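Summary of structural features
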Amino acid sequence: MSSTQAEELQGKIVESTNLEKRAADILTRLRSLREQDAPTHGGRVLSYVYDSGLAALDELAADAARLVQPVNGLDPTVFPSTAVMERELVAFAREFLHGASDPAADTDTDTDTDTGGVVVGNVTSGGTESCVLAVKAARDFRGLPPGEGSLVLPTTAHAAFHKAAHLLGLELVLVPVDPTSGRVGAQDIATAVRKDTVLIVVSAPNYPFAALDPIADVAEVARAHSIPLHVDACIGGLALPWWGDLPPWDFQVPGVTSMSVDFHKYGYSPKGVSVLLHRGRDLHRKQYFGLTDWPGYPVVNPTLLGSKSVAALAGAWAISQVLGQSGYAELVSRAQRATRALIETVQSIDGLRVVGSPVGPLFAVATDGSVPLERRVDPHRWVSAVGARGFVLQGQPASTQPDGTVLPRTTHLTVTPVTESVLGELTNALVLGADDVRGLAAAEAPPPLAELAGAFERGDVTVADVLALPSDAVAAALRSAGLDPRGSADSPLDMAAVLAAVESLPREVTKRLLVEFLAGLVEP
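A brief look at the structure comes next. These numbers come from a predicted model, not from an experiment. Residue numbers here run from 1 along each chain, matching the order of that chain's written sequence. With the structure being a predicted model, the display of local features is reserved for residues of pLDDT at least 70 and the display and counting of side-chain atom pairs for 80 or more, all residues being used for whole-chain, interface and lining totals. Hydrogen atoms and water are omitted, and side-chain values are computed over all heavy atoms in the structure.

**Focus on helix 11 (residues 379–388)**
Helical periodicity: at 3.6 residues per turn, an α-helix aligns residues three or four positions apart in one direction. Throughout, exposure labels follow a simple rule: accessible area from a 1.4 Å probe, protein chains only, divided by the maximum for the residue type, with under 20% read as buried, over 50% as exposed, and the rest as partly exposed. Numbering goes from the N terminus for both helices and strands, where a helix is a DSSP run of H or I of at least four residues and a strand is a run of E of at least two. Along helix 11, the positions that sit buried rather than exposed are Pro-379, His-380, Trp-382, Val-383, Ala-385 and Val-386. The N-capping residue of helix 11, defined by a side-chain oxygen 3.2 Å from the backbone nitrogen of His-380, is Asp-378. Backbone geometry just after helix 11 places Gly-390 at a positive phi near 100 degrees. Distance and chemistry together define a polar contact, namely a pair of N or O atoms within 3.5 Å, with one atom able to donate a hydrogen and the other to accept it when in protein, and with adjacent residues in sequence counting only for side-chain atoms on both sides.

Structure, rendered in structure tokens:
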């Protein structure tokens, strides 16, 4: 084909009528692909998605996103609308997290991030980025170079902090929690603190069990050692402020130096948008990356991303402006009523129990070990049974803590305002699903992986042996276990069996297997 012919063909492709036809076709295909997804609205999925039940909020966010679709959030001096939205969203979060200060605080020296200093921050792409940047700011504030320092956190702290430690070269110091309550002890945190600790992390609440850590007590430990304290409120930050009578957990607590809260969870905005707040400008500025020593434009980034969409920011800003604190309070009350009803339902199911005393619109369910075997309900089989009745729950594997205590295998439920509208059907699914699997033994790992677990127990194979295998060999092992990423949609993934494999194999091995599975899922 000559260059002239190619240009003519390209011209035909981009003709408006032809482009509109191609666009319509591809959107039809996208709608078909979306039909394979779990439903994002209507309360059928009790994890991953956060449905306010208000279609008007979804439309508002979509309209706001469209208005800023071509905007690049890299430079707010070129696109000042981004600075206005970010500034106002940060101010909104600061207010309900008790970080708003009097005007005099805006002119202080910010030398005391422990108890004083104006609370400032940024909007990030989500909870993981907020957590990574909180750790980065604390590390740099301490003045340690990459590869030095430690991070102290409960075993229930979010995986994002493990990622942060990995990326920033910090050593993780994991503190066991009470297996019954899911809460960490302040004294246990104090024992774990080291001379090189750059940050202590607590949760409000934690994701696995919805336990609210003793934040005020841990803050006293942090202050005694002059160590920053981060409160991860990614999931609870837009629910707990209106939940009711709770012990202090936010910037009301002296010693809390940073907080993260996700607006794409109980803020009901599109993924992904989170707010990271710091007490004191000096700590906040350490979150930034700046570079002028290169031939290009001066680079100053408050987040890991440079060029970035502001669609989610616009959606979160618009929703927060419309709802205000009173609107969020009303939505929280709906989620709270649904949560209490579901907890009461689970507590009445023979063979199951709610873990600890959950705080916020989420909770975990474990087997009730106090009843005879024939009456017990395995939480992962329960997930499958409830799934067959139209609701998606989330299984969580058992986990051994550094002190040898074991956190139970559980099922996680995240409750949203829309859940209240399907309470009757969901309650029936929970009760009847338990009836379907009561007395059944826990699911087993796929036979090839069970054989591999046996080989580890006998000492026939080591973790190093598996980690040294090439990608093709690991993929072949997965296929032999019936875990083919390109498997038929008629054979859905048996998550109970997958979680059984996670529990029976060394975690470094299951991490390698799951990385291969997910990578294969999107490989062209």
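Now that the structure has been shown, we can carry on.
**Digging into the packing of helix 15 (residues 471–480) against helix 17 (residues 507–522)**
A fitted line through C-alpha atoms serves as each axis, taken over the contacting stretch for helices, and the angle formed by two N-to-C directions is quoted from 0 to 180°. Direction vectors running N to C along helix 15 and helix 17 enclose 90 degrees, while the axes themselves pass 10 Å from each other. Here helix 15 is positioned roughly perpendicular relative to helix 17, judged by the angle of their axes. Between helix 15 and helix 17, the residues in contact are Ser-471, Val-474, Ala-475 and Leu-478 and Arg-512, Leu-513, Glu-516 and Phe-517, respectively. By the convention adopted, Pro, Cys, Tyr, Trp, Phe, Met, Ile, Leu, Val and Ala count as nonpolar, Lys, Arg, Asp and Glu as charged, and the other residues, Gly among them, as polar. The residue inventory of the contact of helix 15 with helix 17, partitioned by class, reads five nonpolar, one polar and two charged. Note on terminology: angles under 35 degrees are roughly parallel, angles over 145 are roughly antiparallel, angles of 65 to 115 are roughly perpendicular, and the others are oblique. Any pair of residues with heavy atoms lying within 4.5 Å of one another is described as a contacting pair.

**Digging into the sheet that holds strand 2 (residues 150–154)**
Strand order in this open sheet of seven strands is 1-7-6-5-4-2-3, and the pairing throughout is mixed. A strand with exactly one partner marks an edge of an open sheet, and here the two such strands are strand 1 (119–124) and strand 3 (171–175). Each neighbouring strand pair of the sheet contributes to a mean axis angle of 20 degrees, computed without reference to strand direction. Two strands qualify as a pair provided that DSSP identifies no fewer than 2 bridges between them. Pairing of strand 6 (residues 256–262) with strand 7 (residues 274–279) involves five bridges; the strand directions are antiparallel. Among the inter-strand pairings, Ser-260 is bridged to a residue of strand 7, identified as Leu-276.

**Some thoughts on a nonpolar patch on the surface**
Patch membership is restricted to residues that have no salt bridge and whose relative accessible area is over 30%. Joining uses 9 Å for like charges and 5 Å for the nonpolar side chains Val, Leu, Ile, Met, Phe, Trp and Tyr. The protein chains shown are the only cover counted for residues, whose accessible areas, like all others here, come from Shrake-Rupley with a 1.4 Å probe. For this document, the term salt bridge refers to a Lys or Arg side-chain nitrogen within 4 Å of an Asp or Glu carboxyl oxygen. On the surface, Ile-26, Leu-27, Leu-30 and Leu-33 cluster together into a nonpolar patch covering about 350 Å² of accessible area. Considering the arrangement of structural elements, one finds Leu-33 in helix 2 (residues 16–34).

**Quick look at the pairing of strand 2**
Within strand 2, five of the five residues are buried, which leaves it mostly tucked inside the rest of the structure. Residue alternation in strand 2 divides its side chains into two sets, Ser-150, Val-152 and Pro-154 and Leu-151 and Leu-153, and both sets are buried. Across five bridges, the pairing between strand 2 and strand 3 is parallel. For Ser-150, the partnering residue across the bridge sits in strand 3 and is Glu-171. Look down the strands so they point away from you; if going from the first strand over the helix to the second traces a clockwise path, that crossover is right-handed. In this fold, strand 2 hands off to helix 6 (residues 159–168), which returns the chain to strand 3; that crossover is right-handed.

**Structural notes on the sheet that holds strand 12 (residues 394–396)**
Ordered in space as 10-11-15-12, the four strands form an open sheet in which the pairing is antiparallel. Two strands bound the open sheet, and with one partner strand each, they are strand 10 (352–354) and strand 12. The sheet shows a mean angle of 30 degrees between the axes of neighbouring strands, taken without regard to direction. Pairing analysis gives three bridges linking strand 12 to strand 15 (residues 410–414), with the strands arranged antiparallel. Within the sheet, the bridge partner assigned to Gln-394 lies in strand 15 and is His-412.

**Considering the packing of helix 16 (residues 495–504) against helix 17**
Remark: helix 16 packs on helix 17, axes separated minimally by 7 Å, with the N-to-C direction vectors making an angle of 140 degrees. Across from Val-498, Ala-501, Val-502 and Glu-503 in helix 16, the residues of helix 17 making contact are Arg-507, Thr-510 and Leu-514. Partitioned by chemical class, the residues of the contact of helix 16 with helix 17 number four nonpolar, one polar and two charged.

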